[in-house]
Amino acid sequence: MLDDLTWTDGVGIVGSLTICAAYFLVTRGRLDAEGPAYNLINLGGAALLLFSLYFRPNPGAIVIEVLWAAIALTALVQILRRR
């Protein structure tokens, strides 16, 4: 399996680690789950994963990442409207 990895797979792995890191930081109280930083990190991670999924499509993964990005975007819009 490792022999089959490409640089685009690496981008997707970075995206996964990014999303997991944001969640980890929230669970440890180091990042506010309702703040813009958390949602920007999630949006960035989803974008990286979607980029990698363009080259190796997986419908289930694409759906979850589109939803993840949409949730992050709607949260960011809500945060901007409150200001």
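Keep in mind it's a predicted model, so treat the numbers as computed, not measured.

Participant: When you look at the packing of aromatic side chains in this model, what are you seeing that I'm missing?
Facilitator: Two aromatic rings are characterised by how far apart their centres lie and by the angle between their planes. Following the criterion strictly, the structure yields four aromatic pairs and no others. Pairing Phe51 with Phe55 gives two aromatic rings, centres 5.1 Å apart and planes at 65°, and the pair type is edge-to-face. On the criterion of helical spacing, the pair formed by Phe51 and Phe55 is a turn pair, its members being four residues apart in helix α2 (residues 36-55). Relative to Phe55, the ring of Tyr54 lies with its centre 5.1 Å away and its plane at 90°, an arrangement referred to as edge-to-face.

Participant: I would appreciate a short explanation of the pattern of salt bridges in the present structure.
Facilitator: Pairs may arise between side chains of opposite charge once their charged atoms sit close together. Inspection of every chain in the model, using the stated rule, returns two salt bridges. Across the pair Arg56 and Asp4 runs a salt bridge whose closest N-O atoms are separated by 3.5 Å. With Arg56 in the loop between α2 and α3 (59-82) and Asp4 in the segment before α1 (7-27), this pair connects stretches of sequence that are 52 residues apart. Among the residues examined, Arg56 registers a relative accessible area of 33% and is labelled partly exposed.

Participant: Just checking my understanding: could you explain the side chain of Ser52 for this structure?
Facilitator: Checked against the element boundaries, Ser52 lands in helix α2. Under the relative-accessibility criterion, Ser52 is labelled buried at 9%. Excluding residues that lie within four positions of it along the chain, Ser52 makes contacts with Thr8 and Gly12.

Participant: Could you clarify how one ought to interpret the environment of Gln78 in this entry?
Facilitator: Tracing the sequence through the fold places Gln78 in helix α3. Separated by 54 residues in the primary sequence, Gln78 and Phe24 place their C-alpha atoms 23 Å from one another.

Participant: How should I be thinking about the packing of α2 against α3 in this particular structure?
Facilitator: Two measures define how a pair of helices packs: the angle their axes make with one another and the distance between the axes. The contact between α2 and α3 brings their axes to 9 Å, and the two run at 150°. In this view, α2 runs roughly antiparallel relative to α3, as classed from their interaxial angle. Relative to α3, α2 is oriented so that their crossing is left-handed. Along the contact surface, α2 presents Pro36, Asn39, Leu40, Asn42, Leu43, Ala46, Leu49, Leu50 and Leu53, while α3 presents Ala61, Ile62, Glu65, Val66, Trp68, Ala69, Ala72, Leu73, Ala75, Leu76 and Ile79. Partitioned by chemical class, the residues of the contact of α2 with α3 number 17 nonpolar, two polar and one charged.

Basis of the calculations
Residues numbered from 1 in each chain as written. Predicted model: local features only at pLDDT ≥ 70, side-chain atom pairs only at ≥ 80, totals over all residues. Heavy atoms only, no water. Phe/Tyr/Trp six-rings, centres within 6.5 Å; stacked < 30°, edge-to-face > 60°. Helix = DSSP H or I, 4+ residues; strand = E, 2+ residues; numbered from the N terminus. Salt bridge = Lys/Arg side-chain N within 4 Å of Asp/Glu carboxyl O. Buried < 20%, exposed > 50% of the residue type's maximum accessible area, 1.4 Å probe, protein only. Contact = heavy atoms within 4.5 Å. Axes fitted to C-alpha atoms, helices over the stretch in contact; angles between N-to-C directions. Parallel < 35°, antiparallel > 145°, perpendicular 65-115°, else oblique. Left-handed = near helix turned anticlockwise from the far one by under 90°. Nonpolar A, V, L, I, M, F, W, Y, C, P; charged D, E, K, R; others polar.

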